[in-house]
Amino acid sequence: MQGKIRGFMHLDNGQESIPALVDYAIKTGDKKYSYYREHTHALASGVDAGEVMAELFMKETGSCKGAGGSMHIFDKSKYFQGGWALVSEQLPYAAGAAKSILLDRKLGVSDDAEYQKQDVAPPVDDDRISIVFVGEGGAQNGRTAELLNSAAKDNLPLLLLVIDNGRAINTYTGDVATNGKVYEQGKHYGVPGLMVDGYDAADVAKGGKAVIDYVRSGKGPAILQVHTYRFNGHSPADPEHERGRKVEKAWARTDQDPIKKFEDKYTANGVFTEDELKAMKKEVLADVKAAVKFADDSPMPPVELAKELEYPDAPDTDYNKKLAPAHADAVNARTISPEQMSTVTAHIDMLREKAKAGDISIGDAINLAIHEEMLRDPSTTIHAEDLQAGSSYDIPKLTQQTYGQIRAADEIIDEGHFIGKALGEGMNGYRPIVELMNTNFGIFGMAELSSAGNTYATTGGQFDMPMTIVGAGGTAPNQALGAEHSQPFHAYVMGIPGLKICTAASPDAAYGITKSMIRDNGPCFLFAPVKMMKEAKGTLDLDVCAPLNKAALLHEASADSVAAGNAVTVLTYLHGVKEAQNVIDEITEEGFDIDLIELRSLKPLDMDTIRTSVERTNKIAILDESTQSGGVGATVSARISEELFDLLDAPVKRLCMDDAPVPYASTMEVAVVKRGSDLVQGVFDLATGQY
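Cut-off values and rules
Residues numbered from 1 in each chain as written. Predicted model: local features only at pLDDT ≥ 70, side-chain atom pairs only at ≥ 80, totals over all residues. Heavy atoms only, no water. 1 Å grid on protein atoms, 1.4 Å probe; cavity = no way out; pocket = protein on both sides within 12 Å on 5 of 7 lines; lining within 4 Å. Points joined across faces, edges and corners; volume = space filled by probe spheres on them. Helix = DSSP H or I, 4+ residues; strand = E, 2+ residues; numbered from the N terminus. Nonpolar A, V, L, I, M, F, W, Y, C, P; charged D, E, K, R; others polar. Phe/Tyr/Trp six-rings, centres within 6.5 Å; stacked < 30°, edge-to-face > 60°. Buried < 20%, exposed > 50% of the residue type's maximum accessible area, 1.4 Å probe, protein only. Axes fitted to C-alpha atoms, helices over the stretch in contact; angles between N-to-C directions. Left-handed = near helix turned anticlockwise from the far one by under 90°. Contact = heavy atoms within 4.5 Å. Salt bridge = Lys/Arg side-chain N within 4 Å of Asp/Glu carboxyl O.

Caption draft 1: A look at empty space enclosed by the protein. Under the criterion given, the structure shown has two cavities of 30 Å³ or more. Roughly 80 Å³ of volume is contained in the largest cavity. Only α21 (575–582), β24 (620–627) and β25 (653–657) provide two or more residues apiece to the lining of the largest cavity. Looking at the lining of the largest cavity residue by residue, the classes come out as five nonpolar, four polar and five charged. Computed from the structure, the second largest cavity encloses a volume of approximately 40 Å³.

Here is the structure:
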C-alpha cells in the first residue's frame, strides 16, 4: 500500500505447509519450477529473503536485478528456476529439467557453478529430482496430460505438486472442472499419486516425503496433491467475489490456518513452549524487517541494463571463435559405439562430398551442421516429431540412431510441449535443437517461444537460454498447401523480444547459420523455404559459422544503371530470393538493374547493408513473404523510413502478401501471394517514377 511493490503480486497465506515440505524434503540440487505465487517456495529453497524482497521492490540487488519482479523469482545457485507467469507453462519446462538430470547421468557429466558441463560424473547416489508446482485449476490445462505422458515414457525423476485450494483464480474450481482428484490423473500413464491435507503440516511432511522418496529412488514420476486453503484472493488487485464473505473469512482463520494448527498442536504436546514460540516469532520478524530494510536501502537498476539483457551473446559475435568443450571426445567415446560412430562419420563424409560438388540441399546442409555440432559439443540435444524417420526434410536424419533417445528425442505431436522441454534443458546446461518440420506448427508453442525469448532478461541474466529452432516455412507462389500451412510465422514471432530470427534460401546460408545458432547462448529461430528444401542445391563453406546479424548482397546493380537512376534496391528472403533471381535478366533487358539483398537476419536487422545499397540506388522495393498488416516488410519499411528517409527518392514499395488467407487454388492464390512478375513491375514503377 506504500507503493514500494508495483504490478501484480500473488500471496500464499494459508498454504504454508507446502513450503514447509520444500524446506524439509527438497534439496538444493533439485530443479524447482514454481508459478507466479512463488515467494514462499523461493524462501523455502534457500533464496535469500533480502534478495526476494529487493526483487519485489524492483531493486538491483533483487534476485533478478529488478528485471523479474513478483512473478519471476530465480536463483541459479539454489536451482530455483522460476517464477513463471502463464498458467501451467512451467510444466514442460520442469520435464526438460528432469530430462537434464538423466542426460547428466547418461553422458557422465555434471555442472560447474555456471551450469557448464564438466567431465565429472554425477555421484553414484545421485538422487536429484525436478519438482513443479501448479494449482489444481491450472492442472486442468492440457499441459498436465502431456507432462504425465512424457514423464512416464522417459521415467523422469519428476514430482508434480498440485496446490489444491479449491479455486481457479477466484472461481470455485468445481464450477469449471469435473476432475477434482488430480492425484488420480496419472493412472492412465502409470504415474501414482497421493492427496494430503495441507491444514496439517506434519501430514504434508510425512506424505510428501514418502512421495518424494519414491521419485528419488528412480521409480519415476509421481503426483502429490495438497488440499489447502488460500486466505487471499488471486492477487490484491482482484475482486474476491464470494471469497470476501465475512463468514468464510472467520471460518478460515479458525479452522484452516496451518500455522495456528501447528503451534497449538506442538505447544499442547510439549514439543516446544510458548516462550520458545515467542522467541522464534521474534527471530522471524527480525529477518523480515532486515529484508525490508535491505530492499529499501538498495539502488534501482540502471537504465542501460534493459538493453544489456536483450541477448546473452552480442549480435556481432564471431561463433567461429567459440571453443568446443575439451571433454567432447571422451563423452562421445563412452556414449557412441564404434559402429554408430563409423556410420555417422560415413554419413558426414558423404554430405561433405556432396557439398564440395555443389549438390547438397538445404535440408541436408542443416543435417550436416547438426551432426557436426552434436559431435563437437555433447551437450547438444535435438527434439522433433517423426525424428527417427528424418522428419520431412532429413534435418534430424540419423540423430537418434547415433546419439540415442536420450539426446535425440522423438516427440508427441505438440510443439508447445517439446519446445517447453527444450527450454528446461537449455536452462540446465544443454543446447537443445527443435526441428518443427513445418514452422507454422510452432503456433502451438507461442507461450513457450515467448518465454524462451524473455528468460535471459527476466532472470536478470542468470540463465542463458541456448535453443535453436529450425524448420521449413514461408509461402511460395503456387505452393498449394492451403491457408494453415502458408501462414507467415516468421512475422508472428518478430515481436517476441530476445529471439534472433534468421532465414536461409540456400544450402550455404542454412549450414553456416545453423552452426552459429547452436553455439549461441540465446534462443534462435531459423526459417528455411518449404518449397526449396530439396530443390535448392549448392556448395558449402565447410566448417565456417555464419554471422547472425548480416544480410547478403546476392546481385549488385551495374554502375551504369546506378548512374542513370535505373537501379533499385530489392530486399527479400525465403522464396522471394528465387523469385527475384529468376527475373534479374528480365529486369536488365528492360534497362534496369537491382541490388538484390537477402535478409538472412530478420532480427536484428542489418541496416548497414541496406544503407550502403540505398546510398547507391535511392530507391527500395521489398518482396515480402508476409502480410500487409503486421508483416516483416512493414517493420523493415518503418525502419528505413525512420533511419534512411533522406536517402530515398521515392516511397518504399512493399510487394507483400494480401491480408486474406492464402487459398489452395492457384487461380485465387495469385491475388494474395507476390512473385517475380510483381517485382518486375515494382522495379519498373520505381525506376520510372510511377509510384
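Caption draft 2: The packing of aromatic side chains, seen in detail. Taken as a whole and assessed by the stated rule, the structure comprises 15 aromatic pairs. Pairing F489 with Y492 gives two aromatic rings, centres 5.9 Å apart and planes at 80°, and the pair type is edge-to-face. Residue F489 and its partner Y492 are located together in helix α18 (residues 489–492), separated by three residues, close to a single helical turn. With a relative accessible area of 0%, F489 lands in the buried category. Judged by relative accessible area, Y492 falls into the partly exposed class, the value being 36%. What links up through ring pairs into an aromatic cluster is the set F74, Y79, W84, Y93, Y115 and F463.

Caption draft 3: Seen up close, the packing of helix α23 (residues 607–617) against helix α24 (residues 632–643). Orientation of α23 relative to α24, taken along the N-to-C sense of each, is 65°, at an axis distance of 12 Å. Of the two elements, α23 crosses α24, and the hand of that crossing is right-handed. Counting all contacts with α23, which are made through M607, I610 and R611, the residues of α24 involved are R639, I640 and E643. Residue composition of the contact of α23 with α24, grouped by class: three nonpolar, no polar and three charged.

Caption draft 4: Representation of the pattern of salt bridges. Under the counting rule described, the total for this entry stands at 40 salt bridges. When the shortest N-O distance is used, the salt bridge between R128 and D104 registers 3.2 Å. Highlighted residues: R128 in the loop between β5 (117–118) and β6 (130–135) and D104 in helix α4 (residues 90–107), separated in sequence by 24 residues. Like D104, R128 is buried. The partner of E448 in a salt bridge is R143, with the nearest N and O atoms 2.9 Å apart. Of this pair, E448 sits in helix α16 (residues 446–458) while R143 sits in helix α5 (residues 142–153); the two residues are 305 residues apart in sequence, bridging distant segments of the chain. One salt-bridge network, in which partners are shared between bridges, spans R352, E372, E373, R376, K515, R519 and D543.

Remember that the coordinates give geometry; whether it matters functionally is a separate question.
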